[in-house]
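Architecture at a glance
Here are the chains, one letter per residue:
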Amino acid sequence: MSVTESSTDCGCGTGGHAVTEPCPGPGPEGHTATEPGTGTSAGGHTATEHATASAAAPDWQFTPADLTAVATRWHLDPALVERLRPAIERMRDTYERVRDLAAEGLPAEPPPVAVAEPARGPGNPHGAWRYRVETPERPAAGALAGRTVTVKEAIAVRGVPMTLGSRLMAGFVPGSDAAVVRRVREAGAVILGTSVCEDLCYSGSSFTSVTGPVTNPWDSGRAAGGSTSGAAVLVATGAADYGIGTDHGGSIRNPAAWCGVFGLKPTYGTIDYDGAMPTERTLDHIGVLTRHAADLPAFLDATAQPIAAESYAAAYARDISGLRVGMVTEGFDWPDRSDPRVDQRVRESAHALESLGLTVREVSVPLHRHGRDIHLPISVEGGLGTVFESRLQGTNHTGPYHPHLGAVFGEAMARRPEDIPVGGVLALTGATLLRDATHGRVMAYAQGLRRRLRDQVDRALREVDVLLLPTVPMLPHPLPTDPREAVIGSDLPFEMHDNNCVFNLTGHPALSVPCGLVDGLPVGLLLVGRPGSDARLARIGAEFEERIFACPAPPTSPTHPTPVRSTS
């Protein structure tokens, strides 16, 4: 809660919350609230900030104990630090002047948005919805006119609470849209609401969100995948045409594979990340889920910066016959990880591409087998700086920055550290200990290995046009009975990342394509292309869907199932 918000207790049993936010529950029907946009804003401010930003006296008076603590933390001479107090106070005065300058000319408040928090039940059977917009805006024109969109709750939607799947951010309401949300609105899309994600996105499964597990629409006892879990379920069950999400190590492609939909992590940087929760900015991507690959070019033309001169639609129209596909040897047969039936289904699907005029052979990317190891130091040390130390802001970039998002997160961490999820505690403590023990040396080694890995992928993509491997090496796992203990005592939140995280490191576009069913559960194959070849991947996926395998709707979907065409 921002220091400028007031608090009340409505008797919901969750304690006080901002008067402008929807009651966080519990309750059999959920709660509905009119959001006046007066919570702190990713791109705006709090309702009272105009009046208080200049006048407020921040708690920036440092005691001798504060200075001693800093000296101890950095192994400095306490006497020297104390002598520097006047210089520190001059620095503080500068901070106050910058704060006052920033308060001038703050934008107007956004209009109210009425939202509902759906309870788990007939209208939300898998726990996938976070907030529904009660009266969605319906633009009349645009390339995406009439198409419906749900947005991961780690991405700002103006006037809709942005809770990051966590108790930490209860009451935070962005006053502006993320860049990608603004662009789909401009293209005519209808924003239906936000979808559930894992707590601070620290899981590739779907059982850590503060709202409870997101269940798989093919088997409610299994995980949907994550961290963009809710969006995948809503797209799979026909509740939305597109699901916008973030992908840091597979967070769009994992749930796409396990829910039987298409999931695209585009070429790094082509979709503006502004307004989404960052974890490590060189790994973070905005991407999209949809039931049909043919719907991807229109989304990309609306949201993404093309690398080539032609539009994504024009690139999508190009013939794919004659393209060379390379099955990445190292992406199959993971010891103690791969389900051989998944590998077999993906291999069969790869060879089925030959019926579309593509050639298929094996290629090698030796460092692929070590991708998850390379990803870890970069992710956790980058996340330590971006998420925890700079309060979701990051450093050494030109922005945009969102100071009030950071302030709410930082205040919550200081006041309610018990609300940091177990996965976040693991990342925070592990990264702190290992960075201090290694002085950042191993992270630097990982960055060097990352360059070598990217070179190997580029080399393979000179031999062939597209790489192919399983999206996730195994079928959806059963949901744990004790989510907290599952994070503490197992690899369940991260076991699915082996193949996907490689391409967050390298930045290549990667599309998960539904390629069959095993024991009634969907399997995904991953197509990877050269930077800028996103539309080519979509075209291959669309041809595959049309001529080889069209994934049926899941059993819990209200839509009529489509026929299954088998690759076997």
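Residues numbered from 1 in each chain as written. Predicted model: local features only at pLDDT ≥ 70, side-chain atom pairs only at ≥ 80, totals over all residues. Heavy atoms only, no water.

**Things to note about the overall build of the protein**
Each helix and strand in the protein was counted, giving 17 helices and 17 strands. Within the span of the protein, comprising 568 residues, buried residues form 57% of the whole. A fraction of 73% describes how many contacts in the protein between residues 6 or more apart in sequence connect residues 24 or more apart. If you sum the accessible surface of the protein, you get close to 22,800 Å²; carbon and sulfur atoms cover 56% of it. (Helix = DSSP H or I, 4+ residues; strand = E, 2+ residues; numbered from the N terminus. Buried < 20%, exposed > 50% of the residue type's maximum accessible area, 1.4 Å probe, protein only. Contact = heavy atoms within 4.5 Å. Areas by Shrake-Rupley, 256 points an atom, 1.4 Å probe, with all protein chains shown as cover.)

**Some remarks on the nonpolar core**
Where a protein is soluble and globular, its nonpolar side chains tend to be buried together. Within the largest apolar cluster, 115 residues are counted, with the highest numbers of intra-cluster contacts made by I155, V180, I244, L353, L467 and L468. In this structure, I155 is in contact with M162, A178, V180, V181, I244, G245, T246, G275, A276 and I286, ignoring residues within four places of it in sequence. Judged by nonpolar contacts, the second largest core, of 19 residues, contains W129, A232, V233 and C259. (Core = buried A, V, L, I, M, F, W, Y, C linked by side-chain atoms within 4.5 Å.)

**Topic: the packing of helix α5 (residues 179-186) against helix α8 (residues 296-303)**
As a packed pair, α5 and α8 sit with axes 8 Å apart at the nearest point and diverge in direction by 110 degrees. The angle between α5 and α8 places the two elements in the roughly perpendicular class. When the axes of α5 and α8 are compared, the crossing they make is right-handed. Listed contacts from α8 to V180, R183 and V184 of α5 are F299, A302 and T303. Looking at the contact of α5 with α8 residue by residue, the classes come out as four nonpolar, one polar and one charged. (Axes fitted to C-alpha atoms, helices over the stretch in contact; angles between N-to-C directions. Parallel < 35°, antiparallel > 145°, perpendicular 65-115°, else oblique. Left-handed = near helix turned anticlockwise from the far one by under 90°. Nonpolar A, V, L, I, M, F, W, Y, C, P; charged D, E, K, R; others polar.)

**So, the confidence of the model for the protein**
For the protein, per-residue confidence averages 89 on the pLDDT scale, and residues scoring 70 or more make up 88% of the total. Low pLDDT, under 50, characterises residues 1-57; the stretch is placed with 147 contacts to residues that sit more than four places away or in other chains. (pLDDT = per-residue confidence, 0-100.)

**Things to note about the packing of helix α11 (residues 371-389) against helix α13 (residues 422-438)**
Across the interface, α11 lies against α13 with an axial gap of 9 Å and an inter-helix angle of 115 degrees. Helix-helix and strand crossings are classified by hand; for α11 and α13 the assignment is left-handed. Within the contact between the two elements, α11 uses V380, E381, L384, F388 and E389 and α13 uses G424, L428, A431, T432, R435 and T438.

**Notes on the pattern of salt bridges**
Counting across every chain of the model gives 32 salt bridges. Among the salt bridges present, the one from R158 reaches E137, with a minimum N-O distance of 2.7 Å. Taken together, the residues R158 in the loop between β6 (148-152) and α5 and E137 in the loop between β5 (129-133) and β6 connect sequence positions 21 residues apart. Relative accessible area serves as the criterion here: at 45%, E137 is assigned to the partly exposed category. (Salt bridge = Lys/Arg side-chain N within 4 Å of Asp/Glu carboxyl O.)

**Overview of α11**
The terminal C-alpha atoms of α11, which comprises 19 residues, lie 26 Å apart, in line with the 27 Å expected from a rise of 1.5 Å per residue. Within α11, 14 of the 19 residues are buried, which leaves it mostly tucked inside the rest of the structure. Of the residues trailing α11, R391 is marked for its positive phi of about 55 degrees. (Expected span 1.5 Å × (residues − 1).)

**Digging into the packing of aromatic side chains**
According to the stated counting rule, one finds three aromatic pairs in the structure shown. Here the aromatic rings of W60 and Y95 are separated by 6.5 Å at their centres, their planes lie at 90 degrees, and the arrangement is edge-to-face. You can see W60 sitting in the loop between α1 (49-52) and α2 (64-73) and its partner Y95 sitting in helix α4 (residues 85-102), a full 35 residues away along the chain. Centre to centre, the rings of Y242 and F299 are 5.3 Å apart; their planes meet at 40 degrees, and the pair counts as tilted. Residue Y242 is located in strand β10 (residues 242-247), and its partner F299 is located in helix α8; the two are separated by 57 residues in the primary sequence. One residue, R132, lies across the ring of W129, its end atom 4.1 Å from the ring centre. Positioned above the aromatic ring of F332, the side-chain terminus of R347 is 4.1 Å from the ring centre. (Phe/Tyr/Trp six-rings, centres within 6.5 Å; stacked < 30°, edge-to-face > 60°. Lys NZ or Arg CZ within 6 Å of the ring centre and 35° of its normal.)

**What to know about the state of the cysteines**
Per the stated rule, a full pass over the model turns up zero disulfides. No disulfide involves C201; its sulfur sits 4.1 Å from that of C197, the nearest cysteine. Not engaged in a disulfide, the cysteine C551 finds its nearest cysteine sulfur in C515; these two sulfurs lie 9.4 Å apart. (Disulfide = S-S within 2.5 Å.)

**With respect to unusual backbone geometry**
Apart from glycine, the bulk of residues carry a negative phi angle, and the bulk of peptide bonds sit in the trans form. In this structure, the amide linkage connecting G226 to the following residue, S227, adopts the cis form with an omega of 10 degrees. Here S227 is to be found in the loop between β9 (219-223) and α6 (229-236). Residue P400 is reached from G399 by a cis peptide bond, and omega for that bond is 5 degrees. With respect to the element layout, P400 can be found in the loop between α11 and α12 (403-415). Phi angles above zero are rare outside glycine, and H75 is one such case at about 60 degrees. In this fold, H75 is placed in the loop between α2 and α3 (78-83). A residue is classified by how much of its surface remains accessible, and H75, at 73% relative accessible area, is exposed. For L392, which is not a glycine, the phi torsion comes out positive at approximately 70 degrees. By secondary structure assignment, the location of L392 is in the loop between α11 and α12. Since its relative accessible area comes to 3%, L392 is described here as buried.

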